[in-house]
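Given next are the chains, with one letter for each unit.
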Amino acid sequence: MANVVGMVTTSHIPAIGRAIARNLQDDPYWKPFFGPFERVHQWLAKVKPDVAVVVYNDHGLNFFLDKMPTFAIGAAPQYVNSDEGWGIPSLTPFRGDPDLSWHIIESLVAEEFDVTTCQEMQVDHGFALPMALLWPGGGEWPVTTVPVSVNTVQHPLPSPTRCYKLGHAIGRAIASYGRDLNVVVLGTGGLSHQLDGPRAGFINKDFDLMCMEKIVSEPEALTRYSIPELVELAGAQGVELLNWLIARGVLESPVTRVHSNYHIPISNTAAGMLVLENRA
Ligand code: DHB
Ligand code: FE
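Being a predicted model, the structure only gives us computed values, none of them experimental.

Caption draft 1: Broad picture of the overall build of the chain. Helices and strands together make up the secondary structure of the chain, namely nine helices and 10 strands. Its C-alpha atoms give the chain a radius of gyration of 17 Å, within 12% of the compact-globule value 19 Å for 280 residues. Counting only C-alpha atoms and orienting by the principal axes, one finds that the chain spans roughly 45 × 40 × 40 Å. Taken over 280 residues, the chain has a buried fraction of 55%.

See below:
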């Protein structure tokens, strides 16, 4: 039986990719961001995941505004990362797990989540940088991957409630998968940030810290916000919190908080990181 060992959520700011390429992890600007990932590496060494289900949002590499699925799942043998114009080097292609992907897709569609299925899929910084943070050093990735792409870009966006329920459905799909696998769930993006418009640079520390607390102890509380409320409170791109909520939905409550970190700012963004272990 496949088993969800826990979740890791982290921001996916493109500048992280440049910092990795230039080996700036110990630089005073970057140390407060990269330093705490050492504990995440220790946790990963303990829980030994075989697969990462990565919940993220594509920013225009694979999906553009002309065709924007609300939820899309990769079912490819491999996922390639490419240049997005941010000046971040592309990474070693990621190994897929088509059998698990199709199992999740079939289970979701049977539960009336009519997801887009992608047998070819490029993955952008929202997917690739969290992977590089968790498994640094380049070379072959030690886990296979299932990308779950969520529209946090072009309105209308899925509601927080819908996202949380999708997480539960992914959790049930994984639990009903016959192979003995340890699965880690990643939720990427956030926390508060806004990249353009009059509120560019907007960060809301109080709201972020409340979210980091509630997502552990009472995630349902975060599903009560509407999308316009989230945009107002977290910024236009802060709605990437939806990816965290889906990841949290995959875990069964209650959970144990293993690690967390919050540091502002990295680039224009409040960088949040959380590791939760499944107690069920
Ligand atoms: C930044 C943050 C993001 O989430 C993103 O997708 C692109 C840029 C930033 O703060 O620079
Ligand atoms: Fe983003």
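Caption draft 2: Seen up close, the pattern of salt bridges. Tallied over the entire structure, the rule returns nine salt bridges. Between D66 and K67 there is a salt bridge, with the nearest N and O atoms lying 3.1 Å from each other. Both residues of the pair, D66 and K67, count as exposed. In this structure, E218 engages R224 in a salt bridge whose closest nitrogen and oxygen atoms are separated by 3.9 Å.

Caption draft 3: Expanded view of the coordination of the iron ion (ligand 2). Protein-derived ligands of the iron ion (ligand 2) are H12 (NE2), H59 (NE2) and E240 (OE), with the metal-ligand distances lying across 2.1 to 2.2 Å. Within one chain, the residues serving as donors to the iron ion (ligand 2) are arranged as H-x46-H-x180-E. With a gap of 228 residues between them, H12 in the loop between strand 1 (3-10) and helix 1 (14-21) and E240 in the loop between helix 8 (227-234) and helix 9 (241-250) connect regions that are remote in the sequence. Just as H12 is buried, E240 falls in that class too.

Caption draft 4: Local environment of empty space enclosed by the protein. All chains considered together, the criterion is met by two cavities of 30 Å³ or more. Estimated volume of the largest cavity: approximately 40 Å³. Across the lining of the largest cavity, the residue classes tally to five nonpolar, three polar and no charged. Reported here for the second largest cavity is a volume of approximately 30 Å³. D58, F63, M68, P69, A72, S149, V150 and N151 together form the lining of the second largest cavity. Residues of the lining of the second largest cavity, tallied by class, amount to five nonpolar, two polar and one charged.

Caption draft 5: Region of interest: the sheet that holds strand 8 (residues 182-188). Judged by pairing direction, the sheet is mixed, and its eight strands sit side by side in the order 6-3-7-2-8-1-10-9 without closing on themselves. Only two strands of the sheet have a single partner each, and these edge strands are strand 6 (116-118) and strand 9 (255-266). Pairwise comparison of adjacent strand axes, ignoring direction, gives a mean angle of 15° for this sheet. Strand direction decides the pairing type here: strand 9 and strand 10 (residues 269-278), joined by nine bridges, are antiparallel. When the bridges of strand 10 are listed, N261 appears paired with M273.

What counts, and where the lines are drawn
Residues numbered from 1 in each chain as written. Chains lettered and ligands numbered in written order. Predicted model: local features only at pLDDT ≥ 70, side-chain atom pairs only at ≥ 80, totals over all residues. Heavy atoms only, no water. Helix = DSSP H or I, 4+ residues; strand = E, 2+ residues; numbered from the N terminus. Rg over C-alpha atoms; globule rule 2.2 N^0.38 Å. Buried < 20%, exposed > 50% of the residue type's maximum accessible area, 1.4 Å probe, protein only. Salt bridge = Lys/Arg side-chain N within 4 Å of Asp/Glu carboxyl O. Donors = N, O, S within 2.8 Å, 3.2 Å for Na, K, Ca; no water. 1 Å grid on protein atoms, 1.4 Å probe; cavity = no way out; pocket = protein on both sides within 12 Å on 5 of 7 lines; lining within 4 Å. Points joined across faces, edges and corners; volume = space filled by probe spheres on them. Nonpolar A, V, L, I, M, F, W, Y, C, P; charged D, E, K, R; others polar. Pairing = 2+ DSSP bridges. Axes fitted to C-alpha atoms, helices over the stretch in contact; angles between N-to-C directions.

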